Amino acid sequence: MDNSSDITDKPAEAMEHKESTNTEENHPEGEQAKQQESSSKGAATTSEQTNTPQEESEQPASKEPEEEDEAKLQEKLQTLKGDRIGETMYSERFVLSTILKLSKQGNRLLEEDEEFEQDLCNLWDMTIEPDVVRFLLEQDVIELFLALAAESEDFRLIEILFGIIGNMCCVEEMHDLFYRQSALLVTFCDFLSISDAPVLVQLMRTLTTLFDRSDDERFHWFGVMKKVDNLTEKLALILATSTNRALLEHTAETVNAMINRFTEAEVDYAQLNEFYRLFAKSCLLEGLFEAFKQLYPLTGRETEGTSGGFDEETLTLKDIKTMRRFLEIHEHFIVNANELYEAYVSEVDQCVHRVLCSFVKESVLFPVTKNHICIFVSISNIYSGIMYHFRAESFIYMVKIYDQLAEALKNPPPQEEPSSAAENNGTAMEEEDAADDGGEFDVETACAEVREAIFFLVGPIDEQIIRAAIQMGQLKESTFEQMCRELRETMDGEPLLYQTCAKLMNAVRSTGAEESDIPMQQSNNEEQ
């Protein structure tokens, strides 16, 4: 999967973070913490640089047997190491003293002790290092953290503790602990009922990292997660009621990670029915629809030739990735639990339409990335699953998107640094994740996926309705000629291929026909 976890992000209240390949953000106090730890908090007391002249002066003074040289070398290495944790420059004494003070925190709020809050934030930073994580596991901190969180009413403290746990999940030993002592993970998930958004963000990041990075053969998380009381209902409630953007985005990531993990990575067909029984619920769909509308609302009356009132200027690469997650969830359930969507066809169609009216803008469509292609694949599969439902505006947008992609294949634009979405609030890691795989090959793939989506959309729809949509969008005949020519090449063998192409060409050529009063949306019940 390409959805790597953003697990080490910190909330807005935390300080700015230092750069790390393992994290999106880290506290800038990290380097200061190292300096403090090396001086006031008992970091390594001597350095290699300060000892080297002394070593050089001692070497010519005497010659000792080889065994004695080795012993002295080891002694000097230990002196140099001091109380460092593993190969890091972090201090064991600082970590142990912080844990000891944490165990005595009681009901005191962190805001009453800014210095201790800073120490905990520094510890959060330090857990990007695997050696530090292993040292913490030796101290059995997970049990301590969960016990403190259960008794505490200080959401800031809980947020930091869960952030540390999340960072620790980047190390396999942490996965092993949660798997062997599954009650710890179940207890951790009980905090899904908490009301604080920053705490829930850290919880979601932890779960996403756990499911995305665990070894497929060793860990089977579905057997653990089904022990969590009302898991689906808790996730659905967060999606349906939260107004926190980061929380909605990360909850969608977590739901998507669970689906991928429990139905693909841990392929156990005997348990698939149980998975759909637990997860394929209308409350989850309703939560997903509400969260999507919260993230990408329709703010104005939709009119022909407009983007439907959406503000696309603020669309970021993170938004494109999040749109992909929502559509992938719907795609999965439509393909594998289609009956669940019988009452929600209009809602999922609205999600697709929202994405399409964003992508019809050139600044959003280009440069094409893997996220774009995955979105088009999901749309194609969604339309193949909700047949007999047609929205003229979505059809128009898809044809225009196809036209832009086809033109880009003929006349590739000059290579430029990503702009528009990439310049709008996306972090460096988000930009790298979303924009590192564009190019001509991906444009060609995207073009093929859009063609296929159009094919599935118009397949069961009456020619008159298609003609009315073509007239409304003032679509070009040459576009459909090229599209049908390519469909015959790429979808040869599809039962309705030639019939569908003929219907499209008849519709676009019948420009003299009277304008139809047939509604622009058609469902299975309306088509007679």
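Residues numbered from 1 in each chain as written. Predicted model: local features only at pLDDT ≥ 70, side-chain atom pairs only at ≥ 80, totals over all residues. Heavy atoms only, no water.

As recorded in an unreviewed UniProt entry, the protein chain goes by the name Protein SAAL1, listed as coming from Anopheles melas. Listed under Sequence similarities (unreviewed entry) in UniProt, the entry text for the protein chain is "Belongs to the SAAL1 family." Turning to the protein chain, the UniProt annotation filed under Subcellular location (unreviewed entry) states: "Nucleus". (UniProt positions renumbered as here; feature names shortened; annotations may be inferred.)

**Structural notes on the pattern of salt bridges**
In the structure shown here, the tally under the stated rule is 25 salt bridges. In this structure, E253 and R325 form a salt bridge, with 3.2 Å as the shortest nitrogen-oxygen distance. Remark: R325 occurs in helix α17 (residues 317-336) and E253 occurs in helix α14 (residues 245-265); sequence separation between them is 72 residues. Take R325: its relative accessible area is 1%, and that puts it in the buried class. A salt bridge links E463 to R467; the shortest N-O distance between them is 3.0 Å. (Salt bridge = Lys/Arg side-chain N within 4 Å of Asp/Glu carboxyl O. Helix = DSSP H or I, 4+ residues; strand = E, 2+ residues; numbered from the N terminus. Buried < 20%, exposed > 50% of the residue type's maximum accessible area, 1.4 Å probe, protein only.)

**Some details on the nonpolar core**
In this structure, I142, F162, F333, F395 and L405 are the most contacted members of the largest nonpolar core, which totals 156 residues. If you tally residues by element for this core, the top one is helix α21 (residues 392-410), at 11 residues. Formed jointly, this core draws a minimum of three residues from each of two domains, domain 1 (84-184 + 201-213) and domain 2 (344-412 + 439-510). When sequence neighbours within four positions are dropped, the list of residues in contact with I142 reads L137, I165, M168, M174, L177, F178 and L184. (Core = buried A, V, L, I, M, F, W, Y, C linked by side-chain atoms within 4.5 Å. Domains from an automatic or database assignment. Contact = heavy atoms within 4.5 Å.)

**Observations regarding the packing of α17 against helix α20 (residues 370-385)**
Between α17 and α20, the least distance of the axes is 9 Å, while the angle of their chain directions is 30 degrees. Here α20 runs roughly parallel to α17, going by the angle between their axes. Judged by the sense of rotation from one axis to the other, the crossing of α17 with α20 is left-handed. For the pair α17 and α20, contact is made by I320, K321, M323, R324, L327, E328, H330, E331, I334 and V335 and by N371, H372, C374, I375, V377, S378, I379, N381, I382 and G385, respectively. A per-class count over the contact of α17 with α20 returns 10 nonpolar, 6 polar and 4 charged. (Axes fitted to C-alpha atoms, helices over the stretch in contact; angles between N-to-C directions. Parallel < 35°, antiparallel > 145°, perpendicular 65-115°, else oblique. Left-handed = near helix turned anticlockwise from the far one by under 90°. Nonpolar A, V, L, I, M, F, W, Y, C, P; charged D, E, K, R; others polar.)

**Quick word on unusual backbone geometry**
Note: most residues except glycine have negative phi, and most peptide bonds are trans. Of the consecutive residues F366 and P367, the connecting peptide bond is found in the cis state with omega at -5 degrees. Mapped onto the elements of the fold, P367 is located in the loop between α19 (362-365) and α20. The phi torsion at D140 lies on the positive side, around 55 degrees, for a residue other than glycine. Considering the arrangement of structural elements, one finds D140 in the loop between α6 (130-138) and α7 (141-151). Relative accessible area serves as the criterion here: at 49%, D140 is assigned to the partly exposed category. One non-glycine residue, Y388, lies in positive phi territory at about 65 degrees. Examined against the element boundaries, Y388 turns out to sit in the loop between α20 and β1 (390-391).

**Focus: the packing of helix α25 (residues 477-490) against helix α26 (residues 497-509)**
Between α25 and α26, the shortest axis-to-axis distance is 10 Å and the interhelical angle comes to 175 degrees. Here α25 is positioned roughly antiparallel relative to α26, judged by the angle of their axes. Residue-level contacts link E477, F480, E481, C484, L487 and R488 of α25 to L497, Y498, C501, L504, M505, V508 and R509 of α26. A breakdown of the residues in the contact of α25 with α26 according to their chemical character gives 9 nonpolar, no polar and 4 charged.

**Some points on the packing of aromatic side chains**
Tallied over the entire structure, the rule returns 20 aromatic pairs. Considering the side-chain rings of Y179 and F219, the 5.4 Å spacing of their centres and the 85 degrees angle between planes classify their relative orientation as edge-to-face. Here Y179, found in helix α9 (residues 172-180), pairs with F219, found in the loop between α11 (197-213) and α12 (222-225); they are 40 residues apart in sequence, far enough to count as distant. Among the residues examined, Y179 registers a relative accessible area of 27% and is labelled partly exposed. Judged by relative accessible area, F219 falls into the buried class, the value being 1%. Relative to F376, the ring of F359 has its centre 5.7 Å away and its plane inclined at 85 degrees; by these criteria the two rings are edge-to-face. Residue F359 is found in helix α18 (residues 345-359), and its partner F376 is found in helix α20; the two are separated by 17 residues along the sequence. Chaining the aromatic ring pairs together yields one cluster made of F211, F222, F262, F275, Y276 and F279. (Phe/Tyr/Trp six-rings, centres within 6.5 Å; stacked < 30°, edge-to-face > 60°.)

**Details of the side chain of D349**
One can find D349 in helix α18. Given the relative accessible area of 0%, D349 is considered buried. Those residues in contact with D349 that lie beyond four places of it in its chain are Y383, H389, R391 and S394.

**With respect to the side chain of T369**
Looking at the element boundaries, T369 is found in the loop between α19 and α20. Look at T369 and you get buried, because its relative accessible area is 2%. There is a polar contact of 2.9 Å between the side chain of T369 and the side chain of H372. (Polar contact = N/O pair within 3.5 Å; in protein donor to acceptor, adjacent residues only side chain to side chain.)

**A few points about helix α5 (residues 114-126)**
Taking 1.5 Å as the rise per residue, α5 with 13 residues should run 18 Å; its terminal C-alpha atoms sit 18 Å apart, in good agreement. Burial within α5 is extensive, with 10 of its 13 residues counted as buried. Listed as buried for α5 are F116, E117, D119, L120, C121, N122, L123, W124, D125 and M126. (Expected span 1.5 Å × (residues − 1).)

**Topic: the environment of V360**
Topologically, V360 is positioned in the loop between α18 and α19. Accessibility expressed as a relative area gives 18% for V360, which makes it buried. Sequence-wise, V360 and I396 are 36 residues apart; in three dimensions their C-alpha atoms are separated by 9.5 Å. Each residue touching V360, except ones within four places of it in the same chain, is listed here: Y397, K400, I401 and Q404.

**Focus on the environment of T209**
Locating T209 in the fold gives a position in helix α11. Separated by 45 residues in sequence, T209 and T254 have C-alpha atoms that sit 8.7 Å apart.

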